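Spelled out from the first residue to the last, the chains are:
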Amino acid sequence: MKPILSYAPFILWNWELSDPNGPMEPDNIELQQYFLRTEDARWFSAIHVAIEAAARRIPPLLAELHHARIANETERMIQLFRECAESLEKMNACLRRMPERCNPAGYFSLVRPYIQGFHSHPVVYSGFYGDIPQHLWGESGSQSLIIPALDSGFGIPHRTDGIFAQYLQEMPDYMPWQHRRYLQDLSILTRQGDESLLLYILGCQRMHPTLAEEFYRCVMLMVDLSGSGLFGSGE
């Protein structure tokens, strides 16, 4: 992982339940470490933690989905798409609660300053990296495993040129090694078999229209997430 505060220590490893026997909901999630002990800051992180909890089934579901594709088990794929959609709906429901206690002004004044990066204004870690200035992105939801896993698992292409393409390509470097390894293994799995997932869906949508419907349902739920700003830049 890069030597800067990233998504894993800021979100994934920085929470506890106020009531250990209570639900995994933002109202019951407390932070272990704060920069500023404000409700805006707590709610911002608590929403992300709740989203990660809602997404916990997605990584194994994606692997199961491609094993089912390779085995031509369309009914199993339909069920897996439905389970994936259920998780995505829960993620979107969590995200829609963000404005309840963290408004844009609170975010930009009380949260964002502490998780900014140094990509446009590189810093030198004296005595390290040969004293070469380091261009580092700040904490961002793009450093979560979930969206890159969904993009890879569903075969969603991205542009390969421009600053945003560079940004997405660099995000795995800010993830825990286990998450990077999962993405590598999933990428290999998606290329196995006679057809990609999309070609498989297109090839059998007349015979199995429900399969295509569930696939596109998941894609539209992913669009809702990606268009929310949750996974934006960490400049």
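See above for the structure.
Residues numbered from 1 in each chain as written. Predicted model: local features only at pLDDT ≥ 70, side-chain atom pairs only at ≥ 80, totals over all residues. Heavy atoms only, no water.

A. Focus on the pattern of salt bridges. Applying the stated criterion across every chain, the model contains 14 salt bridges. Linking Arg82 and Glu214 is a salt bridge whose minimum nitrogen-to-oxygen distance equals 3.3 Å. Highlighted residues: Arg82 in helix α4 (residues 74–95) and Glu214 in helix α10 (residues 209–226), separated in sequence by 132 residues. Accessibility expressed as a relative area gives 37% for Arg82, which makes it partly exposed. (Salt bridge = Lys/Arg side-chain N within 4 Å of Asp/Glu carboxyl O. Helix = DSSP H or I, 4+ residues; strand = E, 2+ residues; numbered from the N terminus. Buried < 20%, exposed > 50% of the residue type's maximum accessible area, 1.4 Å probe, protein only.)

B. Fine view of empty space enclosed by the protein. Here the structure, examined in full by the defined rule, presents one cavity of 30 Å³ or more. Taken as a whole, the largest cavity spans an internal volume of roughly 30 Å³. Around the largest cavity, the lining residues are Leu61, Leu62, Leu65, Leu80, Phe81, Cys84 and Phe154. Those elements giving two or more residues to the lining of the largest cavity turn out to be α3 (58–70) and α4. A breakdown of the residues in the lining of the largest cavity according to their chemical character gives seven nonpolar, no polar and no charged. (1 Å grid on protein atoms, 1.4 Å probe; cavity = no way out; pocket = protein on both sides within 12 Å on 5 of 7 lines; lining within 4 Å. Points joined across faces, edges and corners; volume = space filled by probe spheres on them. Nonpolar A, V, L, I, M, F, W, Y, C, P; charged D, E, K, R; others polar.)

C. Quick look at the layout of surface pockets. Within this model, the largest pocket holds a volume of roughly 740 Å³. Pro148, Asp151, Ile156, His158 and Leu168 are the residues nearest the centre of the largest pocket, which is lined by 27 residues in total. Of all the elements in the fold, those that place two or more residues in the lining of the largest pocket are α6 (146–154), α7 (163–170), α8 (177–190) and α10. Per-element accounting of the lining of the largest pocket gives the leading share, five residues, to α6. Looking at side-chain class alone, the lining of the largest pocket contains 15 nonpolar, nine polar and three charged residues.

D. Structural detail: the packing of α4 against α10. Relative orientation of the contacting elements α4 and α10 amounts to 20 degrees, with a least axis distance of 9 Å. With respect to their mutual orientation, α4 and α10 come out roughly parallel. In the crossing of α4 with α10, the sense of the turn from one axis to the other is left-handed. Of the residues in α10, those in contact with Thr74, Met77, Ile78, Phe81, Arg82, Cys84, Ala85, Leu88, Glu89, Met91, Asn92 and Leu95 of α4 are Thr210, Leu211, Glu214, Phe215, Arg217, Cys218, Leu221, Met222, Asp224 and Leu225. Residue classes in the contact of α4 with α10 are distributed as 14 nonpolar, three polar and five charged. (Axes fitted to C-alpha atoms, helices over the stretch in contact; angles between N-to-C directions. Parallel < 35°, antiparallel > 145°, perpendicular 65-115°, else oblique. Left-handed = near helix turned anticlockwise from the far one by under 90°. Contact = heavy atoms within 4.5 Å.)

E. Highlighting α3. The end-to-end C-alpha distance of α3, which contains 13 residues, comes to 18 Å, matching closely the 18 Å that a straight helix rising 1.5 Å per residue would cover. Among the residues of α3, Ile58, Pro59, Leu61, Leu62, Leu65, His66, Ala68 and Arg69 are the ones counted as buried. Residues of α3 that are buried sit in contact with α4, α6, α8 and α9 (197–204). Looking one or two places after α3, you find Asn72, whose phi comes out positive at around 60 degrees. (Expected span 1.5 Å × (residues − 1).)

F. Just the nonpolar core, in detail. Membership of the largest hydrophobic core comes to 56 residues, with the highest contact counts inside it found for Ile58, Met77, Phe81, Leu88, Met91, Leu150 and Phe154. Among the elements that make up this core, the one with the highest residue count is α4 (ten residues). For Met91, the residues in contact, after removing those within four places along its chain, are Ile51, Ala54, Ala55, Ile58, Ile146 and Leu225. Of all hydrophobic cores here, the second largest spans six residues; its members include Leu136, Trp137, Tyr167 and Met171. (Core = buried A, V, L, I, M, F, W, Y, C linked by side-chain atoms within 4.5 Å.)

G. Region of the structure containing a nonpolar patch on the surface. A cluster of nonpolar side chains, namely Leu198, Leu199, Leu202 and Tyr216, defines an oily patch on the protein surface of about 350 Å² accessible area. Among the elements that line the nonpolar patch, the one with the most residues is α9, at three residues. Considering the arrangement of structural elements, one finds Leu198 in helix α9. According to the relative accessible area criterion, Leu198 is partly exposed, its value standing at 37%. (Patch = residues over 30% accessible without salt bridge, like charges linked within 9 Å, V, L, I, M, F, W, Y side chains within 5 Å. Areas by Shrake-Rupley, 256 points an atom, 1.4 Å probe, with all protein chains shown as cover.)

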